[in-house]
Amino acid sequence: MKSKHVIVCGAGVIGLSCAYYLRQRGHEVTVIEREPEQRDGCSFDNAGMIVPSHFIPLAAPGMVGLGLKWMFNPKGPFRIRPSLSCELLGWGFKFMRASTAEHVARSAPILRDLTLASRTLFEELEEKTKNEFGLVKRGLLMLCQTARALEAEAHVVEHAKELGVAANLLTAAGAAELDPNVRMAIAGAVHFPLDCHLTPARFMATLLRLNQESGVRFRWATPATGWRFQGDRITHVETEAAGAIAGDEFVLAGGSWSADLLRPLRLRMPLQAGKGYSLTNPRPRQLPQLCSILCEARVAVTPMGSALRVGGTMELGAADSTISRTRVKGIIESIPRYFPDFAAEDFQDLPVWHGLRPCSPDGLPYLGRFSRYPNLTAATGHAMMGVSLAPITGKLVSELLSEERTSLDLRLTQPDRYS
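1. A short note on the sheet that holds strand β1 (residues 5-9)
Each strand in a sheet pairs with another by means of backbone hydrogen bonds, the pair being arranged parallel or else antiparallel. The 6 strands are arranged β9-β2-β1-β13-β20-β19 in an open sheet whose pairing can be described as mixed. At either margin of the open sheet sits one strand with a lone partner, and together these are β9 (217-219) and β19 (366-369). Looking at each pair of strands side by side, their axes are set apart by 20 degrees on average, direction ignored. Pairing analysis gives 3 bridges linking strand β13 (residues 249-252) to strand β20 (residues 376-380), with the strands arranged parallel. Along β20, the bridge assignment pairs Phe250 with Leu376. Of the strands in this sheet, β1, β2 (28-32), β9, β13 and β20 touch helix α1 (residues 13-24), which is tilted by about 170 degrees from β2.

Encoded structure:
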């Protein structure tokens, strides 16, 4: 195999994972990143979940109706910022078209395969680094306050078992046996034993260290502004800070900014930033041993060492740094409803972090080569599963660029699927 010089655009968890696996295959790698090295992007303060349980894409039957219902709740978990943006309207139309049972049936197997393969790679990294990023393999609980929500989750359990994903329906007492450290006010739960969690900032530090030690070069505070090309080959990525940077292959891992970088090439890749929030209590009253999702509230709860992180919401069309205090309040108020020994005051005065998740209309990542420019590869659009899918994305990109047969079928994730 001939070694190539690969330019990775983006140093989030996806870009760092791509760089790591490319370097493992002997390629020369340069990562360019729009932010300085000390940064706080979407990869750092999220829920840190690795989720084989998430095999149903965001675009699924019923999601349009739920989204419309939540739109009118100022504390709800979903919002589309009102806008006449053609891009946002087009994204919404494509999301509606993808929200079908047929789409779920097509997408669930690849999402299952991606997450299970990624979990295996996390275990390899755990062993290699002596688990310096805090991987915990105790599973995830889907906590249901109501019998109606528990019934809906029971159908997910059936689907999971059809796909070969381990899942167990639990009574409230059964959930308490699994996690006796915290008192729960629930009707029941679903346990996904293969799910895991970690501390995202520590995982990012691990990836950065591994890349630096292996010889990956970094150019910080160097946003990409355009491209140079000859025929159907990209030759350089243009930057203001460092001029034009030449390479043999280029990987687009720019998160929510990825679609903007494609405009000079006249390539269409529908992508919207989905804003989410999190708060971390360093000294919680109680510390669960398992990560969980509060089903009705759509809030994630993750123990990280001795701290407890809670997070949620999906605000589309809000690609800025503003924080909706009302929606943050909705996250905070949901915690005591499921964990009654907590009070809203436990989280009220904590710093609020926000991140922009790159969301495709069909809920699948963009992963593969562009047909018009075959030395340009997309690795973006992972939405809320960026951390979960980072290692397998990096491995698949390294296989593609090494001219190997990929270990998973990528036909459904092609970046040209909306061209």
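2. Focus on the side chain of Glu399
Position of Glu399 relative to the elements: it lies in helix α11 (residues 386-401). Setting aside its immediate chain neighbours within four residues, Glu399 contacts Arg25, Glu404, Arg405, Thr406 and Ser407.

3. Some details on the environment of Leu400
Take Leu400: it is sitting in helix α11. Residues Leu400 and Ala273, 127 residues apart in the sequence, show an inter-C-alpha distance of 27 Å. Every residue in contact with Leu400, bar those within four places of it in the chain, is listed here: Gly368, Arg369, Thr377, Thr406 and Leu410.

4. A short note on helix α5 (residues 147-163)
With 17 residues, α5 extends 25 Å between its outermost C-alpha atoms, agreeing within 8% with the 24 Å of an ideal straight helix rising 1.5 Å per residue. When we look at burial in α5, the residues that qualify are Ala149, Leu150, Glu153, Ala154, Val156, Val157, Ala160 and Leu163. Packed against the buried residues of α5 are α4 (101-129), β5 (140-144), β6 (168-171) and β7 (188-192). With its phi angle positive at about 80 degrees, Gly164 sits one or two positions after the end of α5.

5. Examining the sheet that holds strand β10 (residues 224-230)
The antiparallel open sheet is built from 3 strands, whose spatial order is β10-β11-β12. Sheet topology places β10 and β12 (243-246) at the edges, where each strand pairs with a single neighbour. This sheet shows a mean twist of 30 degrees between the axes of neighbouring strands, independent of strand direction.

6. A closer look at the packing of aromatic side chains
Here the structure, examined in full by the defined rule, presents 9 aromatic pairs. When the centroid spacing of 5.1 Å and the interplanar angle of 70 degrees are considered together, the rings of Phe133 and Phe203 count as edge-to-face. In this pair, Phe133 sits in the loop between α4 and β5 while Phe203 sits in helix α7 (residues 200-214), placing the two residues 70 residues apart along the sequence. Residue classification places Phe133 among the buried positions, given a relative accessible area of 0%. In this structure Phe203 comes out as buried when scored by relative accessible area, which is 1%. Relative to Phe342, the ring of Phe339 lies with its centre 6.2 Å away and its plane at 70 degrees, an arrangement referred to as edge-to-face.

7. A word on the pairing of strand β14 (residues 272-281)
The element β14 is extensively covered by neighbouring structure, given that 9 of its 10 residues are classed as buried. With 7 bridges joining them, β14 and strand β18 (residues 353-359) adopt antiparallel strand pairing. By the bridge assignment, Gln272 is partnered in β18 with Cys359. Examined bridge by bridge, β14 and strand β17 (residues 307-316) share 7 bridges and lie antiparallel to one another. In the strand pairing of β17, Lys275 is matched with Glu315.

8. Things to note about the pattern of salt bridges
Summed over the entire model, instances satisfying the criterion amount to 24 salt bridges. Here Glu403 makes a salt bridge to Lys4, at a shortest N to O gap of 2.6 Å. Here Glu403 is found in the segment after α11, whereas its partner Lys4 is found in the segment before β1, with 399 residues between them in sequence. Residue Glu403 is classed as exposed on the basis of its relative accessible area, which comes to 56%.

9. Remarks on unusual backbone geometry
Phi at Lys130 is positive, roughly 55 degrees, even though this residue is not glycine. Mapped onto the elements of the fold, Lys130 is located in the loop between α4 and β5. The exposed category is assigned to Lys130, whose relative accessible area is 75%. Positive phi outside glycine occurs at Ala221, with the angle close to 50 degrees.

Conventions we followed
Residues numbered from 1 in each chain as written. Predicted model: local features only at pLDDT ≥ 70, side-chain atom pairs only at ≥ 80, totals over all residues. Heavy atoms only, no water. Pairing = 2+ DSSP bridges. Helix = DSSP H or I, 4+ residues; strand = E, 2+ residues; numbered from the N terminus. Axes fitted to C-alpha atoms, helices over the stretch in contact; angles between N-to-C directions. Contact = heavy atoms within 4.5 Å. Expected span 1.5 Å × (residues − 1). Buried < 20%, exposed > 50% of the residue type's maximum accessible area, 1.4 Å probe, protein only. Phe/Tyr/Trp six-rings, centres within 6.5 Å; stacked < 30°, edge-to-face > 60°. Salt bridge = Lys/Arg side-chain N within 4 Å of Asp/Glu carboxyl O.

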